[in-house]
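Each chain, written out:
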Amino acid sequence: MHDLWSKWAPPMERSKLIGFTLAGTQIGNIVTLPLSAVLCDYGFGNGWGSVFYVFGAMGIVWCIAWMVMVSDSPAIHPRISSAEREYIEASIGTKNRHLNFAETPWLQFAKSLPVWAIVVGHASSNWVIYMLLTTMPAYMKEVLRFDIKSNGLFSAVPYVFFWVFINIGGISADALRKKGWRTTTIRKVLFGFASSSGVLLIALGYIGCENSYAAVAVLSLATGLCGLQFPSVLVNHVDIAPPFAAVLLGLSNIAACIPGFVAPYVVKTLTPNSSQSEWQVVFCISAAVFFVGAIFYGIFADGEVQDWAKSYMVSQPELALRDVCEEFERTTITWSVT
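About the criteria used
Residues numbered from 1 in each chain as written. Predicted model: local features only at pLDDT ≥ 70, side-chain atom pairs only at ≥ 80, totals over all residues. Heavy atoms only, no water. Patch = residues over 30% accessible without salt bridge, like charges linked within 9 Å, V, L, I, M, F, W, Y side chains within 5 Å. Areas by Shrake-Rupley, 256 points an atom, 1.4 Å probe, with all protein chains shown as cover. Salt bridge = Lys/Arg side-chain N within 4 Å of Asp/Glu carboxyl O. Helix = DSSP H or I, 4+ residues; strand = E, 2+ residues; numbered from the N terminus. Buried < 20%, exposed > 50% of the residue type's maximum accessible area, 1.4 Å probe, protein only. Axes fitted to C-alpha atoms, helices over the stretch in contact; angles between N-to-C directions. Parallel < 35°, antiparallel > 145°, perpendicular 65-115°, else oblique. Left-handed = near helix turned anticlockwise from the far one by under 90°. Contact = heavy atoms within 4.5 Å. Nonpolar A, V, L, I, M, F, W, Y, C, P; charged D, E, K, R; others polar. pLDDT = per-residue confidence, 0-100. Core = buried A, V, L, I, M, F, W, Y, C linked by side-chain atoms within 4.5 Å. Phe/Tyr/Trp six-rings, centres within 6.5 Å; stacked < 30°, edge-to-face > 60°. Expected span 1.5 Å × (residues − 1).

1. Notes on a nonpolar patch on the surface
Here's step 1: Together, I60, W62, I64, W66, M67, V68, M69 and V70 make up a nonpolar patch on the protein surface, roughly 880 Å² of accessible area in all.
Here's step 2: Structurally, I64 can be placed in helix α4 (residues 48–69).
Here's step 3: What makes I64 exposed here is its relative accessible area of 51%.

Below, the structure written as structure tokens:
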């Protein structure tokens, strides 16, 4: 996805376009959680079976639509207008050279503090996100005492906030860039706001089942703030190295997926009795992980193309000259043959 947006997203629209795309994940959460609860009660295949069949079929429909509608770049899209193609290419101003695996500057990645800032920031924020995604239904059942239907509904509410904050953050980031704010400043400020969700998680640990709706409100706001990682750290790959945005996302995502299986295990270990005091420890640890990641990101992140990435980018005038030369060579060869 990042590789596509490095070719499709004009720099001043990058935050909102990438954010809006990635926010689609939250639409999936919003639909999946309550619908799964309903299917478990009323669906075919003993309830649970229908969950897999229904969402599997939806995935197949999406895959067909993607293959029909998506192209690698504006230059080869069969249905885009000439005006839109020219606008996108002129706005981006450069094109990534065709690269092979051997050209990937792995050593430069390893030595780059902005790259490590993305990795640490992505992993720390995902700790909180995966912790919420995988364990909140249990928290709502064991601490807030919601039944399965209410659990499914209220588990989806935080992800409505998540989706809203992702898009507000993306629109705001691009608006600030147009006003002259440095990209580096915007990314750091937004990620700082995202980490403030840790304060709300700590507060959430002290709200009991007698105030369950207040707990859902605090949880929803905390989850929403996490969405600000999208127009900050999750866009940052394209900022610092457009030719390698997809590779960098893959690298940071390796680290960021580790909390997906570690966080649920830690929560299960820390909550053997499912008491409120045990969940307080869970929320405090999650907040601390996020705070540490935000501090590291705030110190070392960058929003500008790195020097080691520039040599892999070609300006549009250079591309135009190269196209003319290639066309001249093809014409010369043709005349020589005839």
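Having put the structure on the table, let's press on.
2. A closer look at the pattern of salt bridges
Here's step 1: One pass over the structure, following the stated rule, counts two salt bridges.
Here's step 2: Here R187 makes a salt bridge to D239, at a shortest N to O gap of 2.7 Å. You can see R187 sitting in helix α9 (residues 183–195) and its partner D239 sitting in helix α12 (residues 236–240), a full 52 residues away along the chain.
Here's step 3: Taking the relative accessible area as the measure of exposure, R187 reaches 1% and is therefore buried.
Here's step 4: Note that D307 and K310 form a salt bridge whose closest N and O atoms lie 3.5 Å from each other. Pair noted here: D307 and K310 are both in helix α15 (residues 307–310), with a separation of three residues, about one helical turn.

3. Describing the packing of helix α7 (residues 113–142) against helix α11 (residues 212–226)
Here's step 1: Remark: α7 packs on α11, axes separated minimally by 11 Å, with the N-to-C direction vectors making an angle of 165°. By the angle between their axes, α7 is roughly antiparallel relative to α11. Crossing hand, α7 versus α11: left-handed. Residue-level contacts link V128, I129, L132, M136 and M140 of α7 to V216, L219, T223 and C226 of α11.
Here's step 2: The residue makeup of the contact of α7 with α11, split by class, is eight nonpolar, one polar and no charged.

4. Focus on the confidence of the model for the chain
Here's step 1: Per-residue pLDDT for the chain has a mean of 80; in total, 80% of the residues score no lower than 70.
Here's step 2: At the level of individual helices and strands, the chain shows its lowest average pLDDT in helix α16 (residues 316–337), which scores 43, and its highest in α9, which scores 94.
Here's step 3: The model gives residues 316–329 a pLDDT under 50, and that stretch makes six contacts with residues more than four places away or in other chains.

5. Some thoughts on unusual backbone geometry
Here's step 1: Of note in this structure, S274 is not a glycine but carries a positive phi near 55°.
Here's step 2: Note on placement: S274 falls in the loop between α13 (245–270) and α14 (276–300).

6. Description of the nonpolar core
Across soluble globular proteins, nonpolar side chains have a tendency to be buried as a group.
Here's step 1: M131, L132, M136, Y139, L201, W279 and F283 are the most contacted members of the largest nonpolar core, which totals 55 residues.
Here's step 2: Among the elements of the structure, α7, α8 (148–178), α9, α10 (197–204), α11, α13, α14 and α15 are those that each provide at least two residues to this core.
Here's step 3: Broken down by element, the residue count for this core peaks at 13 residues, all from α7.
Here's step 4: Residues within four places of Y139 in sequence aside, it is in contact with L144, L204, I207, W279 and F283.

7. Comments concerning the packing of α10 against α11
Here's step 1: Interaxial distance between α10 and α11 falls to 8 Å at its minimum, and their mutual angle equals 160°. Our classification of the angle between α10 and α11 gives roughly antiparallel. α11 is crossed by α10, and the crossing has left-handed handedness. The segment α10 lies against α11, with S197, L200, L201 and L204 engaging A215, V218, L219, L221, A222, L225 and C226.

8. Considerations on the packing of aromatic side chains
The description of an aromatic ring pair uses the distance of the two centres, along with the angle that the planes make with each other.
Here's step 1: One pass over the structure, following the stated rule, counts ten aromatic pairs.
Here's step 2: Ring geometry for F109 versus F244: centroids 5.7 Å apart, planes at 75°, classification edge-to-face. In this pair, F109 sits in helix α6 (residues 106–111) while F244 sits in the loop between α12 and α13, placing the two residues 135 residues apart along the sequence.
Here's step 3: You can call F244 buried: its relative accessible area is 1%.
Here's step 4: Taken together, the ring pairs connect W106, F109, F244 and W308 into an aromatic cluster.

9. What about the environment of F290?
Here's step 1: For F290, the position within the fold is in helix α14.
Here's step 2: Considered as a pair, F290 and C226 are 64 residues apart in the sequence and their alpha carbons are 9.8 Å apart.

10. Focus: α14
Here's step 1: For α14, which comprises 25 residues, the first-to-last C-alpha distance of 37 Å matches the rise-based estimate of 36 Å (1.5 Å per residue) to within 8%.
Here's step 2: Taken as a whole, α14 has its buried residues at E278, W279, Q280, V282, F283, S286, A287, F290, G293, A294 and Y297.
Here's step 3: The elements touched by buried residues of α14 are α7, α9, α10, α11, α12 and α13.

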